[in-house]
Amino acid sequence: MCWLCDHPGSTPEDYLDHVRALIGQHGWAVQGVERDRARPPWAYTSGLTGLGRPELVLTGMPLSRAASLLNDIADHLTHSAPPEPGEQIMLPGGPLIEIVEVTEPAAHLETAVSLYGPRIRALQVVHADHRGRWPWEAGYRGVRGGQPVLGIRAAPAAARQAES
């Protein structure tokens, strides 16, 4: 259930104050968006912009797993350079991910935009299915509603290196 639903009488500004407190305590917060009919669940960070890093978004994964994965990646970003679009990474314990630059972050990361303005940068953590197939490949099997990709896929980093 949503924070505002759990706190009757609160305002959207009260929610932003709550998120600011989480950011102050942890460096970022994860916002989950529940499944809506055919639209799959998705989650994103708010707060990484304040650390000079892009926000992260993940679609098509159950919210508890998405939040855990985003927290792990965000924690890593606090002491390393962000991954490049097209970079594929096998995470310990899975899944295999590929980074995609989000084309219109302001259209998808409402809380982050409310805190930092519409010029934020975001990277999508796209995950392969249990057979290693991507949402842009035939035979991909994800959650109901799929895994919307919110940007244009860059050539995989290995292919870009081979070209140079």
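Residues numbered from 1 in each chain as written. Predicted model: local features only at pLDDT ≥ 70, side-chain atom pairs only at ≥ 80, totals over all residues. Heavy atoms only, no water.

Asker: Can you walk me through the packing of aromatic side chains in this structure?
Answerer: The geometry of an aromatic ring pair comes down to the distance between the two centres and the angle between the two planes. Per the counting criterion, the structure on display carries 3 aromatic pairs. Each ring, one from Trp 3 and one from Tyr 15, has its centre 5.5 Å from the other, and the planes form 50°; the classification is tilted. Of this pair, Trp 3 sits in helix H1 (residues 3-6) while Tyr 15 sits in helix H2 (residues 12-26), and the two are 12 residues apart along the sequence. Ring geometry for Trp 134 and Trp 136: centres 5.5 Å apart, planes at 10°, overall stacked. On the basis of relative accessibility, which here comes to 4%, the residue Trp 134 falls in the buried class. Classification of Trp 136 by relative accessible area gives partly exposed; the value is 30%. (Phe/Tyr/Trp six-rings, centres within 6.5 Å; stacked < 30°, edge-to-face > 60°. Helix = DSSP H or I, 4+ residues; strand = E, 2+ residues; numbered from the N terminus. Buried < 20%, exposed > 50% of the residue type's maximum accessible area, 1.4 Å probe, protein only.)

Asker: Looking at this structure, I do not really get the nonpolar core. What am I missing?
Answerer: It is characteristic of soluble globular proteins that their nonpolar side chains tend to be buried jointly. Residues Leu 56, Leu 58, Leu 69, Ile 73 and Val 125 are the most contacted members of the largest nonpolar core, which totals 18 residues. Broken down by secondary-structure element, the contributors of at least two residues to this core are strand S3 (55-59), helix H3 (63-77), strand S5 (96-101) and strand S6 (122-127). Considering every element that reaches this core, the biggest residue donor is H3, with 7 residues. The residues contacting Leu 69, other than those within four sequence positions of it, are Leu 58, Met 61, Leu 91, Pro 95 and Val 125. (Core = buried A, V, L, I, M, F, W, Y, C linked by side-chain atoms within 4.5 Å. Contact = heavy atoms within 4.5 Å.)

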